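Notes for the structure review
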Amino acid sequence: MVRISIDTDRCIGAGQCVLSSPEVFDQDEHGFVVVIADHPAGPLAESARLAGRICPSQTITVHEG
Ligand code: SF4
């Protein structure tokens, strides 16, 4: 299991996180990221890690352990 934190001030609404990890991330009505599962495990944790890597604005931090 990992813990997800986001710095919403950094989010530019690109939506890459939602495309790569739709069970963990969503976008609000303005397109900014919303975390819908803040302690994902297993394959959802892996997809959250991918989202953290590909986010163009370093909004997402995945805390291991
Ligand atoms: S990929 Fe990054 S910038 Fe784009 S919506 Fe997700 S958190 Fe925001």
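Residues numbered from 1 in each chain as written. Predicted model: local features only at pLDDT ≥ 70, side-chain atom pairs only at ≥ 80, totals over all residues.

Some points on the site of the ligand
- Neighbouring the ligand are 14 residues, the closest being Cys11, Ala14, Cys17, Cys55 and Thr59.
- When its residues are assigned to classes, the shell around the ligand shows eight nonpolar, six polar and no charged. (Near = placed C-beta within 6 Å. Nonpolar A, V, L, I, M, F, W, Y, C, P; charged D, E, K, R; others polar.)

Digging into the nonpolar core
- Listed in full, the 11 residues of the largest apolar core are Ile4, Cys11, Cys17, Val24, Phe25, Val33, Ala45, Ala48, Ala51, Cys55 and Ile60.
- Broken down by element, the residue count for this core peaks at three residues, all from helix 2 (residues 43–54).
- Setting aside chain neighbours within four positions, we find Cys17 in contact with Phe25, Val33, Ala51, Cys55 and Ile60. (Core = buried A, V, L, I, M, F, W, Y, C linked by C-beta atoms within 7 Å. Buried ≥ 20, exposed ≤ 12 C-beta atoms within 10 Å, placed from the backbone. Helix = DSSP H or I, 4+ residues; strand = E, 2+ residues; numbered from the N terminus. Contact = placed C-beta atoms within 7 Å.)

Side note on the environment of Gly65
- Along the polypeptide, Gly65 turns up in the segment after strand 4 (60–64).
- With 5 C-beta atoms counted inside 10 Å, the residue Gly65 sits in the exposed group.
- Between the C-alpha atoms of Gly65 and Gly42, which are 23 residues apart in sequence, the distance is 12 Å.

A few points about the environment of Ile12
- If you trace the backbone, Ile12 turns up in the loop between strand 1 (2–6) and helix 1 (16–20).
- Separated by 43 residues in sequence, Ile12 and Cys55 place their C-alpha atoms 9.4 Å apart.
- Those residues in contact with Ile12 that lie beyond four places of it in its chain are Pro56 and Ser57.

Details of unusual backbone geometry
- Although it is not a glycine, Gln58 sits at a positive phi angle of roughly 50°.
- Taking the number of C-beta atoms within 10 Å as the measure of exposure, Gln58 has 11 and is therefore exposed.

Here we look at the environment of Asp7
- Inspection of the secondary structure puts Asp7 in the loop between strand 1 and helix 1.
- Taking the number of C-beta atoms within 10 Å as the measure of exposure, Asp7 has 12 and is therefore exposed.

So, helix 2
- Across its 12 residues, helix 2 extends 17 Å between first and last C-alpha, which sits within 8% of the 16 Å expected from 1.5 Å per residue.
- Listing the buried residues of helix 2 in full gives Ala45, Ala48, Ala51 and Gly52. Take helix 2 and look down its axis: the buried residues cluster within an arc of 115°, on one side only. Counted as exposed and oriented over 90 degrees from the buried face of helix 2: Pro43 and Arg53.
- Looking at the packing, one finds that the buried side of helix 2 touches strand 1, helix 1, strand 2 (25–27) and strand 4. (Expected span 1.5 Å × (residues − 1). Arc of directions from axis to C-beta.)

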